[in-house]
Amino acid sequence: MIQRTRHVLEFPGGYTRTTGPVIGRFLTELRDRRLVGVRTATGRTLVPPLEYDPDTGDAVTGEFVEVGPAGTVESWSWAGSPRAGHPLDRPFAWALIRLDGADTSLLHAVDAGDVRAMRPGLRVRPRWRAERAGHVTDIECFVPEVTAMTAPVRVEYTVTPGLALARFLSGIARGVFLGSRCGSCGKVYVPYRLSCPECGVAVTEEVELPGTGTVTTFAINNLPDPRAPEVPFVSAYVLLDGADIPMIVLIGGIPAHEVREGMRVRAVWAPESERGPSMDSVRWFAPTGEPDEEV
Ligand SMILES: [Zn+2]
């Protein structure tokens, strides 16, 4: 890893020398929004390209190959207080990014928004400047790939104990929402839980809940999600009738901007033949047309 930094094109302020044919080709391609590497005699692809193979000192082959544009963060450090001359005026990460198809890494900025979004293995893509001049800053920065925005439902279920999840999903597979009622406080939890988070006691009574409920809060999402009906789409907390805890679901069958708190909704299930023990069996919740509830 440390070794790779020797290959790194410094940014900003790297190039004050004449470029020569290899670097020149790299920069010319950048201007056209393409990323290229150069092959070494041993078959490695150097990105950014160098005139000499850093391992052997031999001249590179002169064969250029297109790489990226996406890549993977190998390591990074957070720049919490950007200074004049930094590529971004808000906190960002300096990262070593190995572009797809490359054998070396490129140092560049990643506009991740939050340090918590950074991790080795993060997939990123370049954000190109509209005006490009054949300079490494033709890439304004890299940004995380939109990978099927973590669907809130999944987050919920991954923190649910495995047995309860399996039980809940077995209900989903046959088109019912299974909740559990605490024998001590009487609260009904959905998805199904094995113990009451308030009383700490084991929950033994299983209840089947109808697929109807009321929107308590919601968010309009403008990033595509493969499960969502369209963009923008709405994810909402829906309190199923008979439940005491709302669950996160997608809302469909209504324009995003018409969704409201208190709206009555009903689960829209996938056709029976496509159902299984997965939340994909519930397409989304759609309005029932009933009058709104007070929430
Ligand atoms: Zn309880």
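First, a word on what this report is: a plain description of the structure on this page.

Reading the values: the criteria
- Residues numbered from 1 in each chain as written.
- Predicted model: local features only at pLDDT ≥ 70, side-chain atom pairs only at ≥ 80, totals over all residues.
- Heavy atoms only, no water.
- Buried < 20%, exposed > 50% of the residue type's maximum accessible area, 1.4 Å probe, protein only.
- Helix = DSSP H or I, 4+ residues; strand = E, 2+ residues; numbered from the N terminus.
- Pairing = 2+ DSSP bridges.
- Phe/Tyr/Trp six-rings, centres within 6.5 Å; stacked < 30°, edge-to-face > 60°.
- Lys NZ or Arg CZ within 6 Å of the ring centre and 35° of its normal.
- Donors = N, O, S within 2.8 Å, 3.2 Å for Na, K, Ca; no water.
- Tetrahedral: all angles 85-135°; square planar, octahedral: opposite > 155°, others 65-115°.

**Looking at the pairing of strand 9 (residues 177–181)**
- In terms of burial, strand 9 is largely enclosed, as 4 of its 5 residues are buried.
- The sheet contact formed by strand 9 and strand 11 (residues 205–209) spans 5 bridges and is antiparallel. Across the sheet, the residue bridging to R181 is E205, located in strand 11.
- The pairing of strand 9 with strand 10 (residues 188–189) spans 2 bridges and is classified as antiparallel. Across the sheet, the residue bridging to S180 is Y189, located in strand 10.

**Some words on the packing of aromatic side chains**
- As enumerated under the stated definition, the model contains 4 aromatic pairs in all.
- Measuring from ring centre to ring centre gives 6.5 Å for F168 and F177, while their planes differ by 40°; the resulting arrangement is tilted. Take F168 and F177: they sit in the same class, and that class is buried.
- With centroids separated by 5.8 Å and ring planes inclined at 40°, the aromatic side chains of F177 and F285 adopt a geometry described as tilted. In this pair, F177 sits in strand 9 while F285 sits in strand 16 (residues 282–287), placing the two residues 108 residues apart along the sequence.
- Classification of F177 as buried rests on a relative accessible area of 0%.
- When the ring centre of Y189 is taken as origin, the NZ or CZ atom of R193, which lies over that ring, is 5.6 Å away.

**Brief notes about the coordination of the zinc ion**
- The coordination sphere of the zinc ion, as far as protein atoms go, consists of C182 (SG), C185 (SG), C196 (SG) and C199 (SG), spread over 2.2 to 2.3 Å.
- Each of the 4 donor atoms bound to the zinc ion contributes to angles spanning 106 to 116°, and the resulting shape is tetrahedral.
- For the zinc ion, the single-chain donor residues occur in sequence as C-x2-C-x10-C-x2-C. On the criterion of sequence distance, the pair formed by C185 in the loop between strand 9 and strand 10 and C196 in the loop between strand 10 and strand 11 is long-range, its members being 11 residues apart.
- With relative accessibility at 1%, the residue C196 sits in the buried group.

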